[in-house]
Amino acid sequence: MVGEARLGPRDPQASDPSSWWGILPSAPPSDTVRGVLAATAVLAVIALCLTWVILLRHALRHALPARTAAVAALAWATPFAVGPPLFSRDVYAYAAQGELARYGLDPATHGIGDLLSPEAAGTAGAAFVAAVDPRWRETHAPYGGLAVGVERFAAAVGNALGSGPANVTVVLRIIAVVSTVALVLLMLRLWRRPGPLTAGTGSLTAASSPAGTGTEPGPADSYASIVLVLLAANPFVIIHLIGGAHLDALAAALLAAALVVDRMRIRERPSPRHHDLLLGAAAVALACLAGSVKATAFLGVAWLVVAHARDGWRRSLGADVAAGTIAVVAASAAGGFGPTWLGALATSGKLETGVAPASILATAAGALGHLVGLDVTDDSLLRATRALTLLTAGLIVGWLLLRAWSRPPASGHRDDLAVVGYGGMAVALGSPVLYPWYLALSVPFLAALVALAALDRRTRAVLALVVVTSVWLCAATLSPLAATWRLLGRAGAPGAVAAAALVLLALAAAAPRVQRRAARRR
């Protein structure tokens with residue numbers, strides 16, 4: 001946290017609104033200091049990812065108590081919860097959008113730069129604009145009515161505490177931390193289901209803990225341990241949802257609440273009671289609120305409608321429509337504007353992220369085209385690959401919904417987690433751009449799937465998907481190491497000798513442990 005924070009803004013045209021208790025630098029660091037800080041941050045993130053994988057390995061062996069997993073997640077997350085926003089300046093854009101809304105300007109139709117207009121005279125507009133990444137100062141916010149309402153609330157509270165974006169950012173950080181904690185608690189609650197765990201192959205049953213041994217956690221504790229490690233201790237959650245204070249944490253928490261409430265209505269009887277109809281409608285309302293923060297969360301609404309129709313709850317469809325409508329209207333009222341944000345959904349697609357599958361495909365296709373002598377523009381290739389990845393994501397979601405529709409309601413399958421988890425991952429990877437916080441609407445539900453089942457072939461693939469995407473996207477947001485390479489180049493032979501000595505020292509320290517493990521295996 002300190003290494004990345006001391007680097008300062010990546011864009012020299014942006015400035016931090018405060019020193020954040022002296023952590024943020026008052027002036028850009030020198031090239032030498034920048035090289036050391038960048039290397040420190042990179043090594044620290046790599047170390048965090050490696051220790052997370054080690055912790056996950058213990059959890060999957062049912063050898064890690066849930067309390068230990070919770071302590072690890074808390075210890076790792078604390079520096080990012082109290083430190084400044086890292087790896088992204090989106091939270092400063094949230095603060096500026098909240099200030100726009102507080103002043104009566106719709107963030108979906110006005111850029112943050114409008115805080116400098118004569119109409120916004122008397123506000124701390126210059127400080128808000130200066131804190132935002134220049135790429136987003138003239139764009140329109142693609143966030144729903146509830147997201148704007150939350151930003152507006154944060155701006156109002158921050159203004160009451162003192163003008164400027166610093167206090168607003170603190171409020172948004174608190175909202176992100178509370179949302180992340182709520183998300184984890186809700187996913188832990190999925191263990192408490194209407195019926196017992198389905199026994200059989202691939203199920204986490206009491207047999208996972210030998211009776212009377214007292215050496216391994218029981219099934220509930222094993223589930224909690226795996227969820228805590230895969231979700232609460234996940235580097236992308238710690239670094240980006242908490243450290244970056246992204247609103248995706250709020251959307252994920254609302255979507256998780258929708259699934260928890262909907263599971264409460266599941267009963268093995270031919271027709272629902274009035275109480276169950278209200279629970280189903282409440283679940284739809286929560287999912288609509290999640291979609292009013294992040295549009296991709298409306299996938300949860302699609303699942304709930306399909307699930308209610310599949311279960312024969314025809315009477316509930318009217319209640320679902322009414323509840324969803326009320327929730328969307330309430331979210332729009334919270335933001336203070338109408339559904340104008342729908343027209344700004346393509347805002348994020350105006351930029352390109354090299355880690356997005358669409359961009360990777362476009363780069364590969366362009367290189368292949370040059371090899372065979374084809375002259376294809378990069379823009380046309382990127383548009384084609386983006387259309388292809390979006391179509392693929394849509395087909396995957398459609399297939400998941402059709403497969404869930406064909407199954408009986410009491411078949412024991414966890415279709416809600418599968419549709420939202422796999423579908424959310426497909427939507428994230430199929431988007432024109434890809435950022436780590438986009439995983440918030442899929443990883444929690446995939447983590448629950450892994451925790452509810454033993455490591456058969458299918459759950460191993462899910463586990464690999466979660467681990468690879470989490471580590472890959474965390475590494476993709478690290479600061480450039482150009483200054484580090486220049487620093488190493490100046491160090492010359494002495495630096496190379498010192499690095500080699502450190503590597504040999506590390507290998508010597510690890511050798512006895514490797515030998516002991518080999519002896520135990522023999």
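Refer to the structure printed above.
Below is a summary of the structure that appears in this document. (Residues numbered from 1 in each chain as written. Predicted model: local features only at pLDDT ≥ 70, side-chain atom pairs only at ≥ 80, totals over all residues. Heavy atoms only, no water.)

A few points about unusual backbone geometry
- In this structure, Trp20 takes a positive phi of about 50° despite not being glycine.
- Looking at where Trp20 falls in the secondary structure, it is placed in the loop between helix H1 (2–5) and helix H2 (31–60).
- The phi dihedral of Trp21 falls on the positive side, at around 60°, and the residue is not glycine.
- Turning to its location among the elements, Trp21 is positioned in the loop between H1 and H2. (Helix = DSSP H or I, 4+ residues; strand = E, 2+ residues; numbered from the N terminus.)

Points about the pattern of salt bridges
- Tallying each qualifying case throughout the model produces seven salt bridges.
- The residue Asp416 makes a salt bridge to Arg263 at a minimum N-O spacing of 2.7 Å. Here Arg263 lies in helix H10 (residues 248–264) and Asp416 lies in helix H16 (residues 415–430), a separation of 153 residues in the sequence.
- Linking Arg310 and Asp415 is a salt bridge whose minimum nitrogen-to-oxygen distance equals 3.1 Å. Within this pair, whereas Arg310 is found in helix H12 (residues 299–310), its partner Asp415 is found in helix H16, the two being separated by 105 residues in sequence.
- You can call Arg310 buried: its relative accessible area is 16%.
- Owing to a relative accessible area of 5%, Asp415 belongs among the buried residues under this scheme. (Salt bridge = Lys/Arg side-chain N within 4 Å of Asp/Glu carboxyl O. Buried < 20%, exposed > 50% of the residue type's maximum accessible area, 1.4 Å probe, protein only.)

Let's talk about the packing of aromatic side chains
- Under the criterion given, the structure shown has four aromatic pairs.
- Ring centres 5.5 Å apart and planes at 85° place the aromatic pair Tyr94 and Tyr143 in the edge-to-face group. A residue pair is termed long-range when its members are at least 10 positions apart, and Tyr94 in helix H4 (residues 90–102) and Tyr143 in the loop between helix H5 (125–131) and helix H6 (145–161) qualify at 49 residues.
- Tyr143 sits in the buried class, given a relative accessible area of 12%. (Phe/Tyr/Trp six-rings, centres within 6.5 Å; stacked < 30°, edge-to-face > 60°.)

A short note on the environment of Leu24
- With respect to the helices, strands and loops of the structure, Leu24 is situated in the loop between H1 and H2.
- Sequence separation between Leu24 and Glu4 is 20 residues, and the spatial gap between their C-alpha atoms is 9.4 Å.
- In this structure, Leu24 is in contact with Ala5, Arg6, Asp16, Ser18, Ser19, Pro84 and Tyr92, ignoring residues within four places of it in sequence. (Contact = heavy atoms within 4.5 Å.)

Digging into the side chain of Asp248
- Of note, Asp248 is situated in helix H10.
- On the accessibility criterion, Asp248 (2% relative accessible area) is buried.
- Excluding anything up to four places from it in sequence, Asp248 contacts Tyr94, Leu241, Lys294, Trp437, Tyr438 and Ala440.

Some points on the side chain of Ser431
- Tracing the backbone shows Ser431 in the loop between H16 and helix H17 (443–452).
- Separated by 2.6 Å, the side chain of Ser431 and the backbone oxygen of Val427 make a polar contact.
- Ignoring sequence-local partners within four residues, the contact set of Ser431 consists of Ala356 and Leu390. (Polar contact = N/O pair within 3.5 Å; in protein donor to acceptor, adjacent residues only side chain to side chain.)

Observations regarding the nonpolar core
- Ranked by size, the top nonpolar core spans 139 residues in total, and within it Met187, Leu230 and Leu417 carry the most contacts.
- Top contributing element to this core by residue count: H10, with 13 residues.
- Those residues within four positions of Met187 in sequence are excluded, and the remaining contacts are Tyr223, Val227, Leu231, Ala256, Leu417, Pro444, Phe445 and Ala448. (Core = buried A, V, L, I, M, F, W, Y, C linked by side-chain atoms within 4.5 Å.)

Things to note about the packing of H4 against H6
- At a closest axis distance of 7 Å, the pairing of H4 and H6 adopts a crossing angle of 85°. Accordingly, the angle class assigned to the pair H4 and H6 is roughly perpendicular. Between H4, through Tyr94, Gln97, Gly98, Glu99, Ala101 and Arg102, and H6, the contact on the second element is made entirely by Val148, Glu151, Arg152, Ala155, Ala156 and Asn159. (Axes fitted to C-alpha atoms, helices over the stretch in contact; angles between N-to-C directions. Parallel < 35°, antiparallel > 145°, perpendicular 65-115°, else oblique.)

Notes on the environment of Gly300
- When you line up the elements, Gly300 lands in helix H12.
- When its relative accessible area of 0% is taken as the criterion, Gly300 is described as buried.
- With 45 residues separating them in the primary sequence, Gly300 and Leu255 have C-alpha atoms 6.7 Å apart.
- Discounting residues that sit within four places of it in the chain, Gly300 has contacts with Leu255, Ala287 and Val420.

Focus: the state of the cysteines
- Taken as a whole, this structure holds zero disulfides when the rule is applied.
- Considering cysteine sulfurs only, Cys49 is the nearest to Cys474, which forms no disulfide, with 5.2 Å between them.
- Judged by its relative accessible area of 2%, Cys474 falls in the buried class. (Disulfide = S-S within 2.5 Å.)

Points about helix H15 (residues 378–405)
- Over its 28 residues, H15 runs 40 Å from end to end, which matches the ideal 40 Å to within 8%, given 1.5 Å per residue.
- When H15 is considered as a whole, its buried residues turn out to be Leu381, Leu382, Thr385, Arg386, Thr389, Ala393, Val397, Leu400, Leu401 and Ala404.
- Considering only its buried residues, H15 is in contact with H12, helix H14 (357–372) and H16. (Expected span 1.5 Å × (residues − 1).)

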